[in-house]
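Next come the chains, spelled out residue by residue.
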Amino acid sequence: MGSAGLVGITVLASILVIIVIRQGRVVSGVTRGLDALAQNQKPRMVRAFPWGPVGRMAQSYNTAAIEIRAQASRRERDHGQLLVVLGAMAEAVVAVDPRRRLLFANESAHELFGLGPSSIGRLVPELIRGSQVQEAVEATLRLESPATHHAELVMPGRDPQARSLPRHLAVRGSPLPGNPAQGAVLVFHDVTELRRLERMRQDFVANASHELKTPLASIKAYTETLLDWAIEDPTVNIRFLERIDEQANRLDQLIHDLLSLARLESGQEFFEHGPIQIVPLLESCALRHRDRAGAKNLVMSFEPGNLGLETVVVADEEAVRQIFDNLIDNAIKYTPEGGRVDVKGVVDGDRVCVEVADTGIGIPRDELPRVFERFYRVDKARSRELGGTGLGLSIVKHLIQSIGGQIDLVSRVGAGTRFTVHLPRGRDDAQSDQHEGPARGLSLRQVEPAVDP
Ligand code: ADP
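Residues numbered from 1 in each chain as written. Predicted model: local features only at pLDDT ≥ 70, side-chain atom pairs only at ≥ 80, totals over all residues.

With 17 residues, helix 9 (residues 317-333) extends 24 Å from end C-alpha to end C-alpha; this agrees with the ideal 24 Å at 1.5 Å per step. If you check which residues of helix 9 are buried, you get A319, V320, I323, F324, N326, L327, I328, D329, N330, A331 and I332. (Helix = DSSP H or I, 4+ residues; strand = E, 2+ residues; numbered from the N terminus. Expected span 1.5 Å × (residues − 1). Buried ≥ 20, exposed ≤ 12 C-beta atoms within 10 Å, placed from the backbone.)

Have a look at this one:
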């Protein structure tokens, strides 16, 4: 072999060595990239000539790495979105594995069941006390997808102050896919408020029907007696007709109050809040009730205090009139002969306060928070006898809310009752119609009977 042949072999050998080294680099680049993908890290692309088996392998790797990476980021994004959606849900969502270990709980579930970050992986019966939740988990694990389990659970309240108020939870359980199922997902929806409203509605219908039935039964009984024989008996016929008239008036009042309340509660009542001079309005209310108070031998007074003729409140005139008519009417009804009913006013900053105080029977301490409820009466028989419907104060409460006012109640049994109404004060000058609308929202305050009214 000549020197030319030797040179040729050397060059060829060098080229082969370079090719082997390059291919070695490509293979280790692909290996590193696969390792990175396995660890869910971003892999580097491998640079190689696109020919030969190693080059084609590198090319396939590059294409696959881009696709796998894109899929991984899509999955991460979807997972993130799912967590945000689950976190924003008002419903509590809990996932358990077939061994009853907690796989996942969203924020509402953490709050509802008092879970923490260390709860994941622990046994659900250890984390959530209450056999009804375990029963729901077991019932769901027994199902086969796509069947679902539905139930309503009643659990003790979590507020230690109100333990007696149970929580109602509607639960829907679905098994996770797989055969056997890989666990279960349970969604808990708090329906406590819904059930409370349903109960209130049922109570209301029952109460209203009962209230309507009583005067109707009386009317029917007197009418039948009159038709039977009493119409010709001058010693009773007029009295019976008067009773019918009384009961018809009661029905009329009841229906009037029910309609007012329904309009107020549905928000259909239209209020025109404007500046009104409060002193003449209170004077006319007091005057309207003077005869009734006189008939019961009650002293009735109106003291404007530091309210002047120019003192203005911003409210609906009819609503304010109705509030004071109701309060004065109650004061007269629940004050025995010889007592007093005093209406007093005072300006207090941006509010006008009006007190309606009586020296009547008073309201027991435990019942104070309930007198604004529909149909609630301390003494049903007495209220009915006095022509009460049990709706007056709940109408007052709604009217005060619509005005943006406030009402305080102080009472002591046997000493008397004082209601104080706080109304938004308007500017006292003639242009006071440039007022702001009333603030909305409940601002009822009930004060324990601490002072003599
Ligand atoms: P009613 O038509 O029975 O008077 P209200 O809603 O006006 O209904 O009042 C609810 C209950 O609150 C009354 O039945 C009565 O027991 C009590 N109450 C209201 N005002 C007074 C008052 N001034 N003094 C004593 N009790 C009162």
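Looking now at the site of the ligand. The environment of the ligand is formed by 22 residues, the closest being R377, V378, S383, G388 and G392. At three residues, helix 11 (residues 392-403) tops the list of elements feeding residues into the shell around the ligand. Of the residues belonging to the shell around the ligand, the class tally is nine nonpolar, 10 polar and three charged. (Near = placed C-beta within 6 Å. Nonpolar A, V, L, I, M, F, W, Y, C, P; charged D, E, K, R; others polar.)

What follows deals with the sheet that holds strand 1 (residues 92-96). Read across the open sheet, the five strands follow the order 2-1-5-4-3; overall the sheet is antiparallel. The open sheet terminates on both sides in strands that have one partner only, identified here as strand 2 (102-105) and strand 3 (149-155). Ignoring strand direction, the axes of neighbouring strands in this sheet form an average angle of 20 degrees. Pairing geometry for strand 4 (residues 167-175) and strand 5 (residues 184-190), over seven bridges, is antiparallel. Residue pairing across strands places R172 opposite V187, the latter belonging to strand 5. (Pairing = 2+ DSSP bridges. Axes fitted to C-alpha atoms, helices over the stretch in contact; angles between N-to-C directions.)

Looking now at unusual backbone geometry. Trans peptide bonds make up the majority, and among non-glycine residues the majority have a negative phi. Even without being glycine, R100 reaches a positive phi, approximately 65 degrees. For R100, the location among the structural elements is in the loop between strand 1 and strand 2. Residues other than glycine seldom take positive phi values, yet N297 does so here, at roughly 60 degrees. Structurally, the position occupied by N297 is in the loop between helix 8 (278-295) and strand 7 (299-303).

With respect to the helices, strands and loops of the structure, S411 is situated in strand 11 (residues 406-412). Considering only alpha carbons, one finds S411 and I363, 48 residues apart in sequence, at a separation of 5.7 Å.

The strand order across the open sheet formed by five strands is 7-9-10-12-11, and the pairing between neighbours is mixed. The strands lining the two open edges of the sheet, one partner per strand, are strand 7 and strand 11. Adjacent strand axes in the sheet meet at a mean angle of 15 degrees, parallel and antiparallel pairs treated alike. Sitting on the sheet, helix 9 is in contact with strand 9 (340-348), strand 10 (351-358) and strand 12 (416-424), with an inclination near 20 degrees to strand 10. (Contact = placed C-beta atoms within 7 Å.)

This part covers the environment of V314. Among the secondary structure elements, V314 is positioned in strand 8 (residues 312-316). For V314, a count of 22 C-beta atoms within 10 Å corresponds to the buried category. As for V314 and I278, which are separated by 36 residues in sequence, their C-alpha atoms are 9.5 Å apart.

We now examine helix 6 (residues 192-228). Between its terminal C-alpha atoms helix 6 stretches 53 Å, which fits the 54 Å expected from 37 residues at 1.5 Å a residue. Here helix 6 lies mainly on the outside; three of its 37 residues are buried. Each element contacted by the buried residues of helix 6 is listed here: helix 7 (237-266).

It is worth spelling out the confidence of the model for the protein chain at this point. Overall, the predicted model of the protein chain reaches an average pLDDT of 88, with 92% of residues at or above 70. Considering each helix and strand of the protein chain separately, the mean pLDDT is smallest for helix 10 (residues 380-385), with a value of 84, and largest for strand 10, with 97. Confidence drops under pLDDT 50 across residues 430-453; counting only partners more than four residues distant or on other chains, this segment forms 48 contacts. (pLDDT = per-residue confidence, 0-100.)

So, on to the nonpolar core. Counting 45 residues, the largest nonpolar core has V313, I323 and I328 as its most contacted members. Within the residue set of this core, elements represented by two or more residues are helix 8, strand 8, helix 9, strand 9, strand 10, helix 11, strand 11 and strand 12. Of all the elements, helix 9 adds the most residues to this core, at eight residues. For I323, the residues in contact, after removing those within four places along its chain, are V396, L399, I400 and V421. Ranked by size, the runner-up nonpolar core spans 21 residues in total, among them L169, V171, L186 and F188. (Core = buried A, V, L, I, M, F, W, Y, C linked by C-beta atoms within 7 Å.)

Further remarks concern the packing of helix 1 (residues 3-38) against helix 2 (residues 52-88). For any two helices packed against each other, one specifies the inter-axial angle together with the distance between the axes. Direction vectors running N to C along helix 1 and helix 2 enclose 20 degrees, while the axes themselves pass 10 Å from each other. The orientation of helix 1 with respect to helix 2, classified from their angle, is roughly parallel. Our pair here, helix 1 against helix 2, has a crossing hand that is left-handed. Contacts between helix 1 and helix 2 involve Q23, V26, V27, V30, G33 and L37 from the former and V54, M57, A58, Y61, A65 and I68 from the latter. (Parallel < 35°, antiparallel > 145°, perpendicular 65-115°, else oblique. Left-handed = near helix turned anticlockwise from the far one by under 90°.)

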